[in-house]
Each structure stands twice: as C-alpha cells, then as structure tokens.
Amino acid sequence: MRSIPRSQPIQTAFSLPEVMVASFILILVVLSSLQMTGSSILGMGRSKQRGLVDADIASHMETLREEAFRYLCTQGCANTELTKSLAFDLATLKPLCSTNNLGQGLLNALPASEKPSSFIVNSVPPVEVKVTYTPSGNQLNATFTAAAIPLSVSTTIVPHAQGWCP
C-alpha cells in the first residue's frame, strides 16, 4: 500500500498594510457614528427648544383671542355667565364700527400685561420672542418672532364684538 503524503497546514496571516487599512476603516466608522450621535442629540435639543417656544407663543395667542372675545362685552362673557346671552357696549362699539377702527380699539383696550413687546421663553438657552401688533381696520394682526431659532408666527384677530356692529 502506498501512503498518501500529508500536506502541512497552511498558516495564513494578515500583512501589516492589511491590518492598517482595516484599522483605518474601523476608526472612520466609529468617528462617523459618534458624529451622527452628536448631531442627533443637538437636533433633539433644538427640537425641544422650538417646541417650548411654539407652546409659549400659542399661549400668548390664546390670551389675545380671549381678550378679543371679551372686548366691549358687558354680559355673558365671564366663565360664571355662560348661561346668559351676550351683550356688548353699543355706545362704544357703534363709532368704532362706523370708522372701521375696531382693531385699534382692541389694541388700546388690551392691558399692558397682555400686549408685551417681547417675552422670554424659559428654555436652554432662553429665547426672546418679539411681538408686533398692527391694527388693520376691524382686525388686529400680531406677529411673534424668535430670531434665535428662527421662527415667525402671525395671527389675525377679529374682536367678537364685530358681529354686533350695526
């Protein structure tokens, strides 16, 4: 019988250039992953800040709308008077309707605390929101601008009393 010669096992290894290329590729993948993670964390922070600013602006807009509903109202406008019919101060309302100045009248009637020229949103970092009020006939336009984000929101408010204009 003839014996089959045994082959010796072949030992394979990586060469130094292969190891260096693989290490370089691994480092690039890890750095890209870290950069993407950091970018995502910053984006989530900006999104949270924008959400806080949006919520604060919406709150100020709702306060303006409530003031517009109560403007020149003499009955049925308070939360305790929900079952009463609405009544308005027609002596003040008629001249404003005839001159188309209900928007200016509403702006003049707003308490100073309800028409700030700016306010600070408690976020990190704090954001200043500037407010501009522009009466236009029987409407009041309000624009809220946060330059740091950047964000600008506008709304047009028509006093509820306009429905009682003669």
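Residues numbered from 1 in each chain as written. Predicted model: local features only at pLDDT ≥ 70, side-chain atom pairs only at ≥ 80, totals over all residues. Heavy atoms only, no water.

This part takes up the sheet that holds strand 6 (residues 151-157). If you walk across this open sheet you meet the four strands as 3-4-5-6, and the pairing is antiparallel. Both edges of this open sheet fall to strand 3 (118-121) and strand 6, since each of them pairs with a single strand only. This sheet shows a mean twist of 20 degrees between the axes of neighbouring strands, independent of strand direction. Bridge count between strand 4 (residues 127-136) and strand 5 (residues 139-146): seven bridges; the pairing is antiparallel. Opposite Val131, over in strand 5, you have Phe144 as the bridge partner. Each of strand 3, strand 4, strand 5 and strand 6 touches helix 1 (residues 16-70); the most contacted strand, strand 6, lies at about 15 degrees to it. (Pairing = 2+ DSSP bridges. Helix = DSSP H or I, 4+ residues; strand = E, 2+ residues; numbered from the N terminus. Axes fitted to C-alpha atoms, helices over the stretch in contact; angles between N-to-C directions. Contact = heavy atoms within 4.5 Å.)

Let us look at helix 1. Between its terminal C-alpha atoms helix 1 stretches 81 Å, which fits the 81 Å expected from 55 residues at 1.5 Å a residue. Each element contacted by the buried residues of helix 1 is listed here: helix 3 (102-109), strand 3, strand 4, strand 5 and strand 6. Immediately downstream of helix 1, the backbone of Leu72 shows phi near 65 degrees, a positive value. (Expected span 1.5 Å × (residues − 1).)

A separate point is the pattern of salt bridges. Considering all chains together, one arrives at two salt bridges under this definition. Between Glu62 and Arg65 there is a salt bridge whose closest N-O contact spans 2.9 Å. Taken together, the positions of Glu62 and Arg65, both in helix 1 and three residues apart, correspond to about one turn of that helix. Given the relative accessible area of 47%, Glu62 is considered partly exposed. Taking relative accessible area as the criterion, Arg65 reaches 34% and is therefore assigned partly exposed. Arg70 is paired through a salt bridge with Glu66; the nearest N and O atoms lie 3.1 Å apart. In this pair, Arg70 and Glu66 both sit in helix 1, four residues apart, roughly one turn of the helix. Residue Arg70 is classed as partly exposed on the basis of its relative accessible area, which comes to 27%. Overall, the relative accessible area of 42% leaves Glu66 in the partly exposed class. (Salt bridge = Lys/Arg side-chain N within 4 Å of Asp/Glu carboxyl O. Buried < 20%, exposed > 50% of the residue type's maximum accessible area, 1.4 Å probe, protein only.)

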